[in-house]
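Letter by letter, the chains look like this.
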Amino acid sequence: MVRKMPVDRLTDDDVREILTEYRKIALVGASPKPERDANRVMHYLLEKGYEVYPVNPRYEEVLRRKCYPSVLDIPDDVEIVDLFVRPEFTMDYVEQAIKKGAKVVWFQFNTYNRDAFKRAKEAGLAAVAHRCIKKEHERLL
Ligand code: COA
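What you see is a predicted model; the values in this text were computed from it and never measured. (Residues numbered from 1 in each chain as written. Predicted model: local features only at pLDDT ≥ 70, side-chain atom pairs only at ≥ 80, totals over all residues. Heavy atoms only, no water.)

## Regarding the pattern of salt bridges
Here is step 1: A complete count under the given rule lists 11 salt bridges for this structure.
Here is step 2: For Lys 118, the salt bridge goes to Glu 122, with nearest N and O atoms at 3.9 Å. Here the residue Lys 118 and the residue Glu 122 both occupy positions in helix α4 (residues 114-122), the gap between them amounting to 4 residues, near one helical turn.
Here is step 3: What makes Glu 122 exposed here is its relative accessible area of 60%.
Here is step 4: One salt bridge in this structure joins Arg 139 and Glu 136, with 3.0 Å as the shortest N-O distance. In this pair, Arg 139 and Glu 136 are both assigned in helix α5 (residues 133-140), 3 residues apart and thus about one turn of the helix distant.
Here is step 5: Look at Arg 139 and you get partly exposed, because its relative accessible area is 45%.
Here is step 6: One continuous salt-bridge network, built from bridges that share partners, spans Asp 8, Asp 12, Arg 131, Glu 136 and Arg 139. (Salt bridge = Lys/Arg side-chain N within 4 Å of Asp/Glu carboxyl O. Helix = DSSP H or I, 4+ residues; strand = E, 2+ residues; numbered from the N terminus. Buried < 20%, exposed > 50% of the residue type's maximum accessible area, 1.4 Å probe, protein only.)

## Describing the site of the ligand
Here is step 1: The environment of the ligand is made up of 21 residues, and the closest members are Ser 31, Lys 33, Tyr 59, Tyr 93 and Gln 108.
Here is step 2: Separating an oxygen atom of the ligand from a side-chain N or O atom of Arg 86 is a distance of 2.8 Å.
Here is step 3: A distance of 3.0 Å separates a nitrogen atom of the ligand from a polar backbone atom of Phe 109.
Here is step 4: Burial of the ligand by the surrounding chains reaches 81%, relative to a free accessible area of 970 Å².
Here is step 5: Counting atoms within 2 Å of the grid points, the majority share of the ligand lands in the largest pocket.
Here is step 6: Residue composition of the shell around the ligand, by class: 9 nonpolar, 6 polar and 6 charged. (Near = heavy atom within 4 Å. Polar contact = N/O pair within 3.5 Å; in protein donor to acceptor, adjacent residues only side chain to side chain. Areas by Shrake-Rupley, 256 points an atom, 1.4 Å probe, with all protein chains shown as cover. 1 Å grid on protein atoms, 1.4 Å probe; cavity = no way out; pocket = protein on both sides within 12 Å on 5 of 7 lines; lining within 4 Å. Sits in = over half its atoms within 2 Å of the grid points. Nonpolar A, V, L, I, M, F, W, Y, C, P; charged D, E, K, R; others polar.)

## A closer look at the pairing of strand β6 (residues 104-107)
Here is step 1: Side chains of β6 alternate between two faces, with Val 104 and Trp 106 and Val 105 and Phe 107 buried alike.
Here is step 2: With 4 bridges connecting them, strand β5 (residues 80-83) and β6 associate as parallel partners. Across the sheet, the residue bridging to Asp 82 is Trp 106, located in β6.
Here is step 3: Handedness of the crossover joining β5 and β6 through helix α3 (residues 90-100) is recorded here as right-handed.
Here is step 4: Looking at chain direction, β6 and strand β7 (residues 126-129) are connected through 4 bridges and run parallel. Note that in β7 the partner of Val 104 across the bridge is Ala 126.
Here is step 5: For the segment spanning β6, α4 and β7, crossover handedness is right-handed. (Pairing = 2+ DSSP bridges. Right-handed = clockwise from strand over helix to strand, strands pointing away.)

## Observations regarding helix α1 (residues 12-21)
Here is step 1: What α1 keeps buried is the set Val 15, Ile 18 and Leu 19. End-on view of α1: buried residues confined to an arc of 90°, all on one side of the axis.
Here is step 2: Those residues of α1 that are buried are in contact with β5, β6, β7 and α5. (Arc of directions from axis to C-beta. Contact = heavy atoms within 4.5 Å.)

## Examining the layout of surface pockets
Here is step 1: Quantified by volume, the largest pocket comes out at close to 830 Å³.
Here is step 2: As for the largest pocket, its lining consists of 27 residues, of which Gly 29, Arg 36, Phe 84, Val 85 and Arg 86 are closest to the centre.
Here is step 3: Secondary-structure elements contributing two or more residues to the lining of the largest pocket are α2 (37-47) and α5.
Here is step 4: Per-element tally for the lining of the largest pocket: the top contributor is α2, with 4 residues.
Here is step 5: Within the lining of the largest pocket, the residues separate by chemical class into 13 nonpolar, 6 polar and 8 charged. (Points joined across faces, edges and corners; volume = space filled by probe spheres on them.)

In structure tokens form, the structure reads like this:
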């Protein structure tokens, strides 16, 4: 049987390596509302020992962690920028990810923007698309 290639062309080994090697995550579109997937996923990542920096200009704090207006305001290195914003907002955050020296941009479900995805890849970052970081962690680790 021929396995369909995922849009991001990453294999399970690639994704596993990303989730093992990189521990510092900027979670963009962070929300204190428990009904938001961004909230549930952030909770999960913290539980699994990742350093998670919430990013959303609307909030000062999310899940008791200081929340930053942009990726560039985070006072630490960032390895993965995990996107929970509508596709039209992703390009700005990809530019921030590039400037910040992040290694991976992760497009959660319903956030994919082809130009932003392409921009991340052309700048040399790994780009993950149409996947959930929590589901992939549960599946692969
Ligand atoms: N920068 C940062 N945060 C922003 C933002 C921006 N430019 N624009 C909006 N947000 C925040 C909002 O504050 C909001 O949080 P709040 O309700 O606490 O204020 C949140 O992002 C979502 O806002 P909105 O644009 O209204 O979202 P929506 O209801 O249209 O949903 C997504 C869009 C992308 C957030 C939603 O489809 C999603 O969560 N996708 C990911 C799904 C997923 O992968 N789930 C995991 C399954 S395991």
